[in-house]
There are 2 protein chains.
Amino acid sequence: MAKVKYKLKAIMLDIDNTLIDTSRFVSIARDAAVDALILGGLTVERDVITKNLRRIIEEYGSNYGGHFDILLEELKVPKEKRNKLITYATISYHNAKQVLHPFPDVPSTLMKLKKEKYNLYAVSEGLSRKQWEKLIRSNLDRIIDDVFMTEDLSFTSKEPKFYNTILEKLGLKAFDCVMVGDRMDKDIIPAKITGMNTLHVLTRGYNKKNKSQKEDKIFSINSISELIDAIPKIEEAVSKEHYH
Amino acid sequence: MAKVKYKLKAIMLDIDNTLIDTSRFVSIARDAAVDALILGGLTVERDVITKNLRRIIEEYGSNYGGHFDILLEELKVPKEKRNKLITYATISYHNAKQVLHPFPDVPSTLMKLKKEKYNLYAVSEGLSRKQWEKLIRSNLDRIIDDVFMTEDLSFTSKEPKFYNTILEKLGLKAFDCVMVGDRMDKDIIPAKITGMNTLHVLTRGYNKKNKSQKEDKIFSINSISELIDAIPKIEEAVSKEHYH
């Protein structure tokens with residue numbers, strides 16, 4: 001009788017810039033908001049607005065709710081004009097959520113993996129409801145088995161404890177899982193420390209291979225579709241090391 | 001030479017259920033949110049969800065941000081399932097904003113008044129940005145000259161001081177203005193106390209004439225389009241009383 005082929009028990013996928021092109025969305029949404037401010041009557045050069053907005057988002061973090069308030073205060077817009085302008089900007093920002101799409105090869109790749117009975121988990125840093133919104137608007141919630149977000153587990157994704165907690169919750173051993181993500185510091189290194197397999201996705205050139213990756217034997221793929229070839233290779237290695 | 005005809009200097013219009021069919025929007029948006037909860041996996045009877053949600057909104061006020069949180073807690077939905085469900089509900093609620101339209105006769109009536117060089121002001125109770133959003137999404141921000149909201153002026157609309165502050169800001173005498181609204185307690189009585197003219201709109205049967213109105217000589221119209229005939233009558237009366 002043929003021996004049953006070893007399979008990974010969990011494929012964990014980061015959301016931002018791994019499954020979904022978040023950087024593209026953010027750029028489109030910010031541009032839309034800046035245009036709305038100008039069309040609403042803000043008479044400041046577009047480049048100046050954009051530059052200041054970027055700095056404010058950097059300074060206060062992307063999950064802070066008052067970026068436009070600070071921007072208009074800094075630009076000395078009278079108080080009684082701010083609510084209208086901010087509402088224009090907010091509506092335009094939210095309308096841009098129509099462009100929250102997965103990367104082109106993500107839906108077909110996940111469907112193939114699902115057909116092969118793999119368990120797919122979204123593992124992400126961020127506010128739970130913001131991350132859920134991205135999955136729901138891009139329809140990925142239909143194919144993902146479960147979701148683990150840093151906000152719910154009370155760790156940052158730079159902490160291996162975040163990944164250990166997920167393993168505990170799923171009752172899985174680290175080497176039976178692979179973590180796929182675009183960030184070395186948040187997705188790859190802390191997951192690797194727990195003993196998980198990792199795949200660094202070089203999406204859109206946001207991240208480049210560097211020397212340390214080669215030294216640490218971090219495997220990378222150029223795009224999610226390459227999972228289809230990469231996973232059997234990982235399975236062969238895990239099978240040899242842990243199940244021979 | 002013909003005498004210049006007297007004209008009112010300001011037409012002030014309430015937003016909710018006067019310019020915009022807010023009750024219809026709220027009903028559609030809540031239904032959409034309840035459906036989203038059910039399709040997201042909530043296994044509670046639709047009527048029970050709706051009844052509880054209504055009670056919670058009544059209890060905490062419509063501007064409170066955590067209605068769904070309380071609902072799911074009361075319905076004993078496990079904590080780890082709530083973020084997904086709440087995000088489903090919130091997206092559906094916000095998508096329903098597509099139905100934020102003015103009453104059918106509002107755009108053409110306001111355009112006629114604008115052509116006659118009347119100043120049109122939106123005067124409303126509520127959170128400024130929420131009210132601005134209604135005006136912007138229904139395109140009424142394009143024709144309204146200015147907006148006065150209770151949140152910005154720090155009075156409730158039941159206080160004549162709210163209306164007196166608006167008169168001060170515009171530098172107008174009360175009898176040169178008319179306030180148009182659907183609520184006796186918030187739009188009509190406090191405006192009348194300041195000396196403003198008032199028109200009670202009986203939109204969609206939300207409000208009915210009662211005995212006290214007849215006694216107080218409160219004028220009413222059935223629909224915004226009737227402004228076209230009602231305003232000259234008010235002007236004639238004001239002209240006789242104050243400018244003869």
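Up top is the structure.
Residues numbered from 1 in each chain as written. Chains lettered and ligands numbered in written order. Predicted model: local features only at pLDDT ≥ 70, side-chain atom pairs only at ≥ 80, totals over all residues. Heavy atoms only, no water.

Before we go on, may I ask you to explain the relation of the copies chain A and chain B in this structure?
Relating one copy of the chain to the other requires a rotation about an axis plus a shift along that axis. Screw-axis analysis of chain A against chain B gives a translation of 0.0 Å along the axis, an RMSD of 0.0 Å, and a rotation angle of 180°. Both copies of the chain, as the preceding transformation shows, are related through a two-fold rotation axis. Residue by residue, 100% of the interface of chain A is reproduced at the interface of chain B, so both copies engage with the same surface. (Least-squares fit on C-alpha atoms with pLDDT ≥ 70 in both. Contact = heavy atoms within 4.5 Å.)

Help me understand the packing of aromatic side chains, please; the structure alone is not making it clear to me.
Geometrically, a pair of aromatic rings is defined through the distance of the ring centres and the angle of the planes. Residues and elements named next belong to chain A. Scanning the model with the defined rule gives 12 aromatic pairs over all chains in all. Three or more aromatic residues link up through ring pairs in this structure, and these residues are Tyr6, Phe175 and Tyr243. When the ring centre of Tyr118 is taken as origin, the NZ or CZ atom of Lys7, which lies over that ring, is 4.4 Å away. (Phe/Tyr/Trp six-rings, centres within 6.5 Å; stacked < 30°, edge-to-face > 60°. Lys NZ or Arg CZ within 6 Å of the ring centre and 35° of its normal.)

Honestly, the packing of helix α8 (residues 160-170) of chain B against helix α9 (residues 184-194) of chain B in this entry has me stumped. Any pointers?
Angle between the axes and distance between the axes: these two values describe a pair of packed helices. Residue and element names in this part refer to chain B. Running from N to C, α8 and α9 point in directions that differ by 65°, and their axes come no closer than 8 Å. Of the two elements, α8 crosses α9, and the hand of that crossing is right-handed. Listed contacts from α9 to Pro160, Tyr163, Asn164 and Leu167 of α8 are Lys186, Asp187, Pro190, Ala191, Ile193 and Thr194. Here the contact of α8 with α9 is built from residues that sort into six nonpolar, two polar and two charged. (Axes fitted to C-alpha atoms, helices over the stretch in contact; angles between N-to-C directions. Helix = DSSP H or I, 4+ residues; strand = E, 2+ residues; numbered from the N terminus. Left-handed = near helix turned anticlockwise from the far one by under 90°. Nonpolar A, V, L, I, M, F, W, Y, C, P; charged D, E, K, R; others polar.)

Before we go on, may I ask you to explain the nonpolar core in this structure?
The nonpolar side chains of a soluble globular protein tend to be buried with one another. Ile11, Leu13, Leu110, Leu120, Ile144, Val180 and Leu227 of chain B are the most contacted members of the largest nonpolar core, which totals 41 residues. Take this core: its biggest share by element is five residues, from helix α11 (residues 227-242) of chain B. When residues no more than four places from it in sequence are discounted, the contact partners of Leu13 of chain B are Leu19, Leu110, Leu120, Tyr121, Ala122, Val123, Met179, Val180, Ile224 and Leu227 of chain B. Counting residues in hydrophobic clusters, the runner-up holds 40 residues, among them Leu13, Trp132, Val178 and Ile224 of chain A. (Core = buried A, V, L, I, M, F, W, Y, C linked by side-chain atoms within 4.5 Å. Buried < 20%, exposed > 50% of the residue type's maximum accessible area, 1.4 Å probe, protein only.)

So what exactly am I meant to see when it comes to the sheet that holds strand β4 (residues 177-181) of chain A here?
Strand-to-strand pairing in sheets goes through backbone hydrogen bonds, with the strands running parallel or antiparallel. Residue and element names in this part refer to chain A. The six strands lie next to each other as β3-β2-β1-β4-β5-β6, forming an open sheet whose pairing is parallel. The open sheet is flanked by β3 (146-149) and β6 (219-221), the only strands paired with a single partner. Taking the axes of each pair of neighbouring strands and ignoring which way they run, one obtains an average angle of 25° across the sheet. Pairing analysis gives four bridges linking strand β2 (residues 120-124) to β3, with the strands arranged parallel. The residue bridging Ser124 from the neighbouring strand is Met149, located in β3. The strands touched by helix α6 (residues 128-137) within the sheet are β2 and β3, with β3 carrying the most contacts at an inclination of about 145°. (Pairing = 2+ DSSP bridges.)

Even after reading the chapter, I still don't get the layout of surface pockets, so can you show me in this structure?
If a probe as big as a water molecule is rolled over the atoms, it shows which places are left empty. If you add up the space inside the second largest pocket, you get close to 780 Å³. Together, 29 residues line the second largest pocket, and Lys79, Glu80, Lys81 and Arg82 of chain A together with Asp146 of chain B are the ones closest to its centre. Within the residue set of the lining of the second largest pocket, elements represented by two or more residues are α4 (79-95) of chain A together with α6 (128-137), β3 (146-149), α7 (150-153) and α8 of chain B. When residues in the lining of the second largest pocket are grouped by element, the largest group, seven residues, is from α4 of chain A. The residue makeup of the lining of the second largest pocket, split by class, is 13 nonpolar, four polar and 12 charged. (1 Å grid on protein atoms, 1.4 Å probe; cavity = no way out; pocket = protein on both sides within 12 Å on 5 of 7 lines; lining within 4 Å. Points joined across faces, edges and corners; volume = space filled by probe spheres on them.)

Sorry if this is basic, but what is going on with the interface of chain A and chain B here?
Many descriptions give the size of an interface as the accessible area lost when the pieces come together. Residue-level contacts link 16 residues of chain A with 16 residues of chain B. For the chain A and chain B pair, buried surface summed over both sides reaches about 1700 Å², with 54% attributable to carbon and sulfur atoms. For chain A, the biggest contributors to the area lost against chain B are Asn83, Ile91 and Arg129 of chain A; these three give 34% of the whole. At the junction of chain A with chain B, the criterion picks out two salt bridges. Here Asp69 of chain B makes a salt bridge to Arg129 of chain A, at a shortest N to O gap of 2.5 Å. Our enumeration of links across chain A and chain B arrives at 10 residue pairs in polar contact (both at pLDDT 80 or more). At the level of elements, α4 and α6 of chain A are the ones that each hand at least two residues to the side of chain A that touches chain B. (Buried area = accessible area lost by both parts, 1.4 Å probe. Salt bridge = Lys/Arg side-chain N within 4 Å of Asp/Glu carboxyl O. Polar contact = N/O pair within 3.5 Å; in protein donor to acceptor, adjacent residues only side chain to side chain.)

Limitation: the analysis is restricted to geometry and does not speak to function.
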